[in-house]
Structure formats: C-alpha cells, structure tokens
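For reference, the chains in residue letters:
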Amino acid sequence: MSERRVRVRFAPSPTGPLHMGGVRTALFNYLFAKKHGGDFLLRIEDTDQTRFVPGAEEYIMESLEWCGIKVDEGIREGGNYGPYRQSERREIYKKYADQLIASGNAYYAFDSPKELDVLRKEAEEIKETFTYNAATRGQLKNSLTLSSTEVEKHLLSGNAYVIRFKMPINHEVVMQDIIRGEVRVNTDTLDDKVLFKSDGLPTYHLANIVDDHLMEITHVIRGEEWLPSLPLHVLLYQSFGWETTMPKFSHLPLLLKPTGNGKLSKRDGDKMGFPVFPLFWKSEEGETAMGYREEGYFPDAFVNLLALLGWNPGTEQEIFTMDELIQLFSLERVTKSGSKFDPKKAEWFNHQYMLMKSNAELVQLYLPILKQKGIETSPAKVERIVGLIKDRTRFVKEFWEQSSFFFEAPTSYDPEIIKKRWKEGIPGQLTSVKDVMAHVTDFNGINAKAAVSACIEGNGWNFGSIINTLRLCLVGASKGPDLFEIMEIIGKEETIQRIDTAVRTIK
Ligand code: GLU
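For clarity, every value in this text was computed on a predicted model and none was experimentally measured. Residue numbers run consecutively from 1 along every chain, following the written order of its sequence. Reporting of local features is limited, given that this is a predicted model, to residues whose pLDDT is at least 70; pairs of side-chain atoms are given and counted only at 80 or more, and all residues count toward the totals for whole chains, interfaces and linings. Working from all heavy atoms in the structure, the side-chain values ignore hydrogens and water.

Notes on the pattern of salt bridges
Line of reasoning, step 1. Salt bridge, as used here, is a side-chain nitrogen of Lys or Arg placed within 4 Å of a carboxyl oxygen of Asp or Glu. Taken as a whole and judged by the stated rule, the model has 36 salt bridges.
Line of reasoning, step 2. Between Glu57 and Arg85 there is a salt bridge, with its nearest N and O atoms 2.7 Å apart. One end of the pair, Glu57, is in helix 2 (residues 56-67); the other, Arg85, is in the loop between helix 2 and helix 3 (90-102), and 28 residues separate them in sequence.
Line of reasoning, step 3. The salt bridge partner of Asp268 is Lys257, with a shortest N-O separation of 2.9 Å. Taken together, the positions of Asp268 in helix 8 (residues 266-272) and Lys257 in the loop between strand 10 (255-256) and helix 8 put the pair 11 residues apart, joining distant regions of the chain. The pair Asp268 / Lys257 is uniform in exposure class, with both members buried. A run of DSSP states H or I qualifies as a helix once it reaches four residues; a run of E qualifies as a strand once it reaches two. Both are numbered from the N-terminal end. Residue exposure (1.4 Å probe, protein chains only): buried if accessible area is under 20% of the type maximum, exposed if over 50%, otherwise partly exposed.

What about the sheet that holds strand 7 (residues 194-197)?
Line of reasoning, step 1. When DSSP finds two or more bridges between a pair of strands, those strands are recorded as paired. Spatially, three strands are ordered 3-4-7 in an open sheet, and the strand pairing comes out antiparallel. Looking at the sheet topology across the chains shown, the edges are occupied by strand 3 (106-109) and strand 7. Each neighbouring strand pair of the sheet contributes to a mean axis angle of 25°, computed without reference to strand direction.
Line of reasoning, step 2. Across three bridges, the pairing between strand 4 (residues 162-165) and strand 7 is antiparallel. Following the sheet pairing, Arg164 is matched in strand 7 by Val194. Every axis corresponds to a line fitted to the C-alpha atoms, with the helix fit spanning only the stretch in contact, and the corresponding angles, defined between N-to-C directions, vary from 0 to 180 degrees.

Section: unusual backbone geometry
Line of reasoning, step 1. Put simply, Gly82 and Pro83 share a cis peptide bond, and its omega is -5°.
Line of reasoning, step 2. Assignment of secondary structure puts Pro83 in the loop between helix 2 and helix 3.
Line of reasoning, step 3. Unlike most non-glycine residues, Asn170 shows phi in positive territory, near 45°.
Line of reasoning, step 4. The residue Asn170 is located in the loop between strand 4 and strand 5 (172-177) in this model.
Line of reasoning, step 5. Here the phi dihedral of Glu216 falls at roughly 55°; this positive angle occurs in a residue that is not glycine.
Line of reasoning, step 6. With respect to the helices and strands, Glu216 occurs in the loop between helix 6 (204-214) and strand 8 (219-223).

Shown next as structure tokens:
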C-alpha cells in the first residue's frame, strides 16, 4: 500500500456553485497530492440527474483554476482512468451491483414509493420512523422474502425496483480516520441504503466506491458531512473484497459561521455582507451570490485564508505561498473541531497580499478602472501613486477613493475640515505660500517642502494649520499620503491652481 502512487480526487456534485468549504476540500486534496508527488483528480458526481444545475460544472472548474489548483485528470484534462463524469460511466456500475447481489451483500427491493409512504405514515402515527433495515426487510417486498420465480417475474415486469445494501446484523464496523482516529459504529444503527436505481444509475454510495477503486484513489479527503456514510463505504469495500487497496479516509472539519454557531451556509454571506463562494454566481432563475473574485480578493490571499481554516502549521506563520503550503501541509495537522470563519480576518489577508504585490502588478489592475473613469495617464505615474496608497487599502477597488485627487482636482471640500481649520488668516497665508512655491525652480516634493517650511517659519505662522488647509486645497479632505509627494506628482502648475481655486471658493 505504501508504495502506491498517491492519488486523490475532488468529487463535487454539480448541484450549484461551489461553496468555499468545497474549495477548501479541493485545496487540501491538492496540497496533499502535490506534497506526495501524486495526482489530483476532478471527478464530477452527477448520478442524481434531478439535482443537476446547468453551469455548475464550468463554475467548479473555473473556481479551481482561479485558485491555482491544477487538475491532473478530469473531464477537461482527460487521463487514463476516465471518463471522469459519472453519467458517462453508467455502463460500469450495473456489473458491480450485480456482483453484490450474487455475493449476498445486496438485494432487489420491489416496494413501490407509494407502499413505502404508507409504512412511513403508519410509523409516524405511533411516533416512530420507518427505516428499511435489518429489522424490517424480512417483512417487505424484496428478493430476501420473495421466491426466485416471483423475483424473476418482478424483474421482467418492467416495474421499478432498487438494489439495496444488505446491512449485516449487529456487527461492529471499525474505521480509521487520519484526522479523527478510530471510529466505531454498530451496523444495527444503519439502514439498507439504496445502491442502484431502476433508472439504470447508481446512487452516490455505489458510484463513489466503484470509482475510487477503479481510479486507484489512495486517500479520500472530504467534508465531515460524509462521515456518517463511512461505515457503509467500508462495508462496501469489504463486500467487494477490495480491503487491501481501500483508500485512507480523512473527514475535514466544518466551516462555522462567524458567530461560531452552526455551519457557514450559503445564505450567511449575503446576510452578513461577505462572500461564501469563490466566484460570482447567477442561477438560471436569476438568483445571485457574490464571489471572492468579484469582491476583489487576490486568488493567493483566498487560498491562504482557506488553508488556515482547519489546518494549523504549528507555528505563528500566517502568510504562505502555494508552494510553502504544499511543503508544509499534513493531514495530521488538520483540526477535528469546526473552524470559525472570520470575514475581518479574510480582509486582513487580502491587505497583507496587497502589501506584497509589486506596484507594477497593481498598476495593471488599476489601469482598467482608470480607463473606465475616462482618465488617460501614464503607467509610470500610476505606479508611483499605487506605491503611496496601497498600505491604506485592502482591495484594488478602494484605490480610486484613495487616489482620485492625483487625477482630478477636488470638486468639493470637506465641510467639517473647513469649519475646524479655515480660520480668518488662512486664505492670506495660503496665498503667500502659493507665491513662494511659484518661485521654486526645480519643483519636487523636497524643494516644495523646503520653500513652504521657510515661508511658514519666516512669518511665524502655525505649521499644522497651514499644512492641513493646504491638504484641503489639494485633496478636498483630510486623507491621502504625504502632502509634498502629492504636490510632486500633480506638479507645480496644478498645485498652484488648486490653492487658487480653494482660496476663491471656500467661504
Ligand atoms: N459527491 C460528493 C459531494 O458532493 C462527494 C463526497 C466524497 O468526496 O465522497 O461532496
């Protein structure tokens, strides 16, 4: 077993957009595969045709691509173990269901949905729940109770039937989970799950086990919600005689709401104003959900924050590249308990990545926004500006708010600042400062500052109140980077003109 090449799969059902918890599952699979020099497969589990959502498959692939999670084998990539879409593998499964019937591990059940409904209602009336299991199957209409001729008749009649797993009686299933250790369940608590439906398609359980076996999957890494299915899966491996190559299992902890109360759900994001999905999603019915990409997250920041939801490096380090994650990742360091999602921390991650991005890279992201605003400018100028403002932002979409004054003169002035700072002598003092600046020959931040300072000191004026009102003239508010850097970038003419305009208009 230990010599087998590591092969893992991410096996989503295309029932809608991929939740960030799903992306984390994909990421942990990917990190594990790459750490061990193995393969990462994307298998689409679409046997439940009633839940198929158009566009979901593309959404899943685009999400992984955006995150930099590279698929080695999948519906688009191909591979030696295909097809990778279960609906294209339908011919494969019947034989395995038949094999279980032949070995006595499964049986045909002919009870119609109507008949089962009646039983459910009857049970409800006496405050019980009907379960198709070892206790009830002996009184129901199936190949365990009917004669072989009757079974033949049913099968030939064309009436709907299903194939169910014959759960052993009072048997202790002992399972190993890399994250949770040993898990034990008595089969008397389990029902006889449907494995195969008369529409010719297997259910999730059968298809999943058969495919993991045929695709030579060595490790199954999936969400905690699948832990209750594990006993059945282990029993299926045993029934097929595949124990020696059975994958090792890891069930990842849930992602919890920011309050810590309950699972992070699809609706939480829109309710609380943060994304829960990697990409923007619009359903056929027109329902939309925001995405990390569209909200302005950098994909590497998103991957970084996801990695720390449930995995702990064992050090104080919080910022990791994908390569570092691959090197450091281990399933043993995945926590058992759920991890609370903190949207503020998510923004913090994006800010950290903002600081690490080169200015040149950020220019490429900012230029289209400027273009949209009709601003023609040089990339070199934008590069300087971005360098000055990026430490005040979390997202590129905040750049304009922090830098519009580099491109456009203010059209209004913050009334609060006017009230507080625009004292009687100010217009005169600013005019003097402006005149001094007009005589600076080699105009740049340093020279402008020297000239302004000399003027203020020479006249014995208050440095703070002049600098603050100068900022009001140039920016329109009390925000922005170093004032003299602003002057240098907008240039002498523009600086003088803005002071003029402000002195003329502010009352
Ligand atoms: N199709 C299942 C899902 O949607 C896969 C579970 C598993 O990984 O076994 O999550």
